[in-house]
Amino acid sequence: MLAHGRALLAENEHTTVVTADFREPGSVLDHPDLTALINFDEPVGLLLFAVVHHIEDDEDPAGILAAYRERLASGSYLFLSHFVTHGEETRELEKVMLADLGRGRFRTLDEITAFFDGFDLQEPGVVYNPLWRPEEPLTETMTLTERLVAGGLGRKA
């Protein structure tokens, strides 16, 4: 898949593919292919869609995110989405993910919100995905599926 991605991007001088372990921020942020394209002295957007829930608690996800935050210039944005725990309702699903993928932690809304430490959360804050600026007010109670993923957007002051 990596070879295919690189082949697709070979003629695009504004995009690259980097092979690095997200849990090692230096290996990502200091990668020469990345630094050739992105100036981290200027505001950037860091999109962590379906990434952080794959970092185990003992791998210090808050510390990893702090390392990324420290490298971002003031005015940068962080978008993050994450699986949300609902106790017994999601316990079996989390077990299946761990068994099949080896990773996939569900966390509370408060735990997810804490990942935005050092960022000013933008309205509406960390919310279930259907509540992120809906075009029309939701009229029905959300299903468990609709409450499985939450996300938020923060701006570094």
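Quick caveat, the model's predicted, so the values are computed rather than measured.

Another aspect to go through is the side chain of threonine 90. Assignment of secondary structure puts threonine 90 in helix α5 (residues 88–101). A relative accessible area of 1% places threonine 90 in the buried class. Contacts of threonine 90, omitting those with residues within four sequence positions, involve Val84, Thr85, Phe106, Leu144 and Leu148.

With that settled, the discussion passes to α5. If you check α5, its first and last C-alpha atoms are 20 Å apart, about what 14 residues at 1.5 Å a residue would give, namely 20 Å. Listed in full, the buried residues belonging to α5 are Thr90, Glu94 and Met97. Relative to the axis of α5, the buried residues are bounded by an arc of 60° and lie together on one face. For α5, the exposed residues lying more than 90 degrees away from the buried face are Glu88, Ala99 and Asp100. Contacts made by the buried residues of α5 are with β2 (77–83).

With that settled, consider the packing of aromatic side chains. Under the definition given, this model contains two aromatic pairs. Plain terms: the ring middles of phenylalanine 22 and tyrosine 68 are 4.7 Å apart, the flat faces sit at 15° to each other, and that makes the pair stacked. Of this pair, phenylalanine 22 sits in the loop between α1 (2–9) and α2 (25–29) while tyrosine 68 sits in helix α4 (residues 61–71); the two residues are 46 residues apart in sequence, bridging distant segments of the chain. Across the pair, exposure class does not vary: phenylalanine 22 and tyrosine 68 are buried alike. Judged by centre distance (4.9 Å) and plane angle (15°), the rings of phenylalanine 83 and phenylalanine 106 are stacked. With phenylalanine 83 in strand β2 and phenylalanine 106 in the loop between α5 and α6 (109–114), this residue pair connects regions lying 23 residues apart in the sequence. Residue classification places phenylalanine 83 among the buried residues on the basis of a relative accessible area of 17%. Given a relative accessible area of 7%, phenylalanine 106 falls into the buried group.

The rules behind the values
- Residues numbered from 1 in each chain as written.
- Predicted model: local features only at pLDDT ≥ 70, side-chain atom pairs only at ≥ 80, totals over all residues.
- Heavy atoms only, no water.
- Helix = DSSP H or I, 4+ residues; strand = E, 2+ residues; numbered from the N terminus.
- Buried < 20%, exposed > 50% of the residue type's maximum accessible area, 1.4 Å probe, protein only.
- Contact = heavy atoms within 4.5 Å.
- Expected span 1.5 Å × (residues − 1).
- Arc of directions from axis to C-beta.
- Phe/Tyr/Trp six-rings, centres within 6.5 Å; stacked < 30°, edge-to-face > 60°.

So far we have only geometry, and geometry alone does not tell us how the molecule works.
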